[in-house]
Amino acid sequence: MRSKCALITLALCLLAGRHAGATQADDTTVTIVGQTAGATPFISQLSLTASDTTVIKSIQFTITPRPRSVTRPLSGTYSHDYLESRGYLLPGTGQVFLPIFGLYDDYANTVTLTYRFLDGSSAEDGTTITTALFDDQGCGYKNPTILQARIPSATLSYDYIFIRSGCGDFSPVIVDTDRYLRWVSTFATPSALFAASTFFDGAAYVTLSATLSRVELDGTVTPIADYGASGVTHLHHNIDPGKNGLIIEADTNDSFAGGGYYESIFMEIDSLTGAIMRTWNMADIISAAMTAGGDDPSQFVFPTPDDWFHNNAVSYNRADDSLIVSSRENFVICIDYETSAIKWILGDKTKKWFQFPSLAAFALDVAPGTLPPIGQHATSVAFDQGLLLFDNGFNGLFHSPPGVFRTYASPRKYRLDLNPSATGNAGTATEVWNFEMGQSIFSPFCSSVYEDAPLNYLVDYAIVGGFANPNPTAQLLGLDAAGSTIFHYEYPTVGCNTAYNSLPIHLEKANFPVVGPQALNLSTRGLVGSGDDSLIGGFIVEGTESKTIVLRALGPSLGLAGTVADPVITIYDSTGALVATNDDWQSDPGAALIEASGLAPGDPSESASHQNLSPGSYTVVVTGKDATAGIGLVEAYDLSPLTASRLANLSTRGLVGSGDSVLISGFIVGDVASSTVVIRALGPSLGSSGLSAPLADPALMVYDSNGGAISSNDNWQDDPSAPQIEQNGLAPMQPTEAATILHLPAGAYTTVVFGAAGSVGTGLVEVYDL
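Residues numbered from 1 in each chain as written. Predicted model: local features only at pLDDT ≥ 70, side-chain atom pairs only at ≥ 80, totals over all residues. Heavy atoms only, no water.

1. Observations regarding the overall build of the chain
- When its secondary structure is counted, the chain shows seven helices and 49 strands.
- In terms of overall dimensions, the chain is globule-like: its C-alpha atoms have a radius of gyration of 27 Å, near the 27 Å expected for 770 residues.
- Counting over 770 residues, the chain shows a buried share of 60%.
- Of the contacts formed within the chain by residues at least 6 apart in sequence, a portion of 65% connects residues at least 24 apart. (Helix = DSSP H or I, 4+ residues; strand = E, 2+ residues; numbered from the N terminus. Rg over C-alpha atoms; globule rule 2.2 N^0.38 Å. Buried < 20%, exposed > 50% of the residue type's maximum accessible area, 1.4 Å probe, protein only. Contact = heavy atoms within 4.5 Å.)

Next comes the structure, spelled out in structure tokens:
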């Protein structure tokens, strides 16, 4: 019997297409005719001529890493429409101007270009770009102290780091995990330490006073908004992804609609226009709760210029539609996105806030052995819905009592049980992970920890030794899923100016335009029979536009014993009307398009269909021709991820056996950021639809692309995210059915559904993209 890891690898590999023959590549001549240095040595622009630009689908550049580099090559792919919209492709002239970013400075960079054409063909070319020396103004980005060089044999999910910084006049910056500087901002930011920045939608967003600008990786700077006229005096600390846009943190004066407050107001804005969509004033929110609880808010809430709250991060949690707000001075507080009602508070109970019964009523208890966060920064939602943050350990500076002071800093992750206990507390926080470096590093401010792929972390100690240290440093280190330190670099700093709140980012596969977080493809392998034992896939096209999808049913090419010899695929809409059917893929009307997409099945007896589907629900049924049975695979490929529609609620029903006959579902989250998904495995509740032998006790395991187990569940009510599963209306009908919520970054994942205690029967695996 094949190992479970081999089955996972097979399921993920089958999500990849095959390369088709080239015709337009043969007929089209693309020539590199020149290059122009960019605004910094890290940017250049190539000039190309093409005999026919209309057939070009995309152009990709790839920069060859330096000798002995461990990082994956930096690469960017520009679609035809993106190049044209930016004025880089001039229709009718044959001229293309291709931005190249992420070059090494003072180096002869080898750059490979890949031209992809509409018929699926491709061609390659290459050039050398020699760059000038960059002066990092003594910030140390180019020559850090190497406490541990990047380990060559280690697998780390990210290779590039966006550093929020305030050193020099070129912040923020991007370095790779080999320690090389690869990009700097072209937006001059004097006094950059007091600016906020982030990497979002393939670009840097940078603030200066009350203004917000977008800096493209090609160096183009676009002013987004100036909030000064609205009463904003300064934008500070973080810019974080929100529910619908970006969340910025503002200091305001009395002309602002919410009043004048220092570091206690944040707003969600449209990332393209800068328009303010929502505003939250923590002074108003906390004052209302204190008044309702019988306390005097004037004893805790203070207007500007007093630093009573000190907001330094806001994280949106899609699982329960909430905002997790870091108040460095007091606590971590969670509020409902829509109503602003306080949901819970986690913090040091020796601080002043806990003396008010109105606020103490929202406090989470901490489990035995758990330390509450103190002076925390960089709150975020981890892949398993845990609360991740950097606990700086530094007590309060405004309120009295100031709370506990620790002599060390530590990244921490908490599991939150939000079911109120018999004692009436709001829930319990249990520390499930920390990284304390032997409790030896004191970094009291500005530090951060962020998770990339599950259990892959980037830790930023922003000011080691604190302000009293005559020679403070900033340290960046990476941790893999095994908890090993993969690299560790040290930089000189003044205050927090060199590195604070640094983010892991992905420039090894940058796409323009960016493909947002969504479930792109579905691949489920299971037993194919007839009647109730057919392999049945379902999905929803959600949005306003049609979506181009290739649906496939495979058998012989799986390379397994006992595969279905001749799979047949049939597609129905939500009314049960037949959309299409196919036996042998080459007979499909869209066979040429299937081949051009690199998705031609490996065996002529396998089936596939190219469809342009309007928004709605669809069902795909896979059967064996002439009622034959065996192991088969049903797949749905989204070929139009950039439209105003998306695939949602992917599901597959099939017979769950043992060994090779378990139900294996693969899905891809693309291309950036992260997506919150609910994964369910159902069995007993299927009996209500007339199934004679549903799986009695389904269980699920979720694996990443390396075959590492990241989550499991047998009975859904035992899952830590059970309250959020219920809140989203996705609680299974039976307690023996399985479900979990995961906050997953871009990548490929596999769910294996099996019967607990060896049970067999018909089961359903579902992926809901929230």
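2. Re the side chain of Asp391
- Secondary-structure assignment places Asp391 in strand E27 (residues 387–391).
- You can call Asp391 buried: its relative accessible area is 1%.
- In this structure the side chain of Asp391 is engaged in a polar contact, spanning 3.0 Å, whose partner is the backbone nitrogen of Ile374.
- Discounting chain neighbours no more than four positions away, the residues touching Asp391 are Pro372, Pro373, Ile374, Gln376, Arg406, Ala409, Ser410, Pro411 and Arg412. (Polar contact = N/O pair within 3.5 Å; in protein donor to acceptor, adjacent residues only side chain to side chain.)

3. What about the state of the cysteines?
- What the rule picks out here adds up to two disulfides.
- The side chain of Cys139 participates in a disulfide bridge whose partner is Cys167; the two sulfur atoms lie 2.0 Å from each other. Measuring handedness by torsion sign, the sulfur bridge of Cys139 and Cys167 sits at about -95° and is left-handed. With Cys139 in the loop between strand E8 (122–130) and strand E9 (145–148) and Cys167 in the loop between strand E10 (160–164) and strand E11 (173–176), this residue pair connects regions lying 28 residues apart in the sequence. Across the pair, Cys167 and Cys139 agree in class, each one buried.
- Cys446 shares a disulfide with Cys496; S-S distance 2.1 Å. Measuring handedness by torsion sign, the sulfur bridge of Cys446 and Cys496 sits at about 80° and is right-handed. In this pair, Cys446 is assigned in the loop between strand E29 (428–434) and strand E30 (448–451) and Cys496 in the loop between strand E33 (485–492) and strand E34 (500–505), connecting sequence segments 50 residues apart.
- On the basis of relative accessible area, Cys446 is assigned to the buried category, the value being 18%. (Disulfide = S-S within 2.5 Å.)

4. With respect to the nonpolar core
- Counting residues in hydrophobic clusters, the biggest one holds 46 residues, and the most contacted among them are Ile100 and Leu507.
- Those residues within four positions of Leu507 in sequence are excluded, and the remaining contacts are Pro73, Leu74, Ser75, Phe101, Tyr160, Ile174, Phe199 and Leu217.
- The next biggest cluster of nonpolar side chains, apart from the first, holds 45 residues, and it includes Ala225, Met267, Ile345 and Leu359. (Core = buried A, V, L, I, M, F, W, Y, C linked by side-chain atoms within 4.5 Å.)

5. Some remarks on the packing of aromatic side chains
- Taken as a whole and assessed by the stated rule, the structure comprises 33 aromatic pairs.
- Measuring from centroid to centroid gives 4.9 Å for Phe394 and Phe445, while their planes differ by 50°, and the two rings are tilted. Here Phe394 is found in the loop between E27 and strand E28 (410–417), whereas its partner Phe445 is found in the loop between E29 and E30, with 51 residues between them in sequence.
- Its relative accessible area of 13% is what places Phe445 among the buried residues.
- For the pair Phe487 and Tyr489, a centre-to-centre distance of 5.3 Å together with 25° between the ring planes defines the contact as stacked. Pair check on accessibility: Phe487 and Tyr489 agree, each one buried.
- Cluster of aromatic residues (ring-pair linked, three or more members): Phe300, Trp308, Phe309, Phe331, Trp353, Phe354 and Phe356.
- Positioned above the aromatic ring of Tyr104, the side-chain terminus of Arg66 is 5.5 Å from the ring centre.
- Note that Arg182 overlies the ring of Tyr104, its terminal NZ or CZ placed 3.9 Å from the centroid. (Phe/Tyr/Trp six-rings, centres within 6.5 Å; stacked < 30°, edge-to-face > 60°. Lys NZ or Arg CZ within 6 Å of the ring centre and 35° of its normal.)

Coordinates in, geometry out; function isn't part of it.
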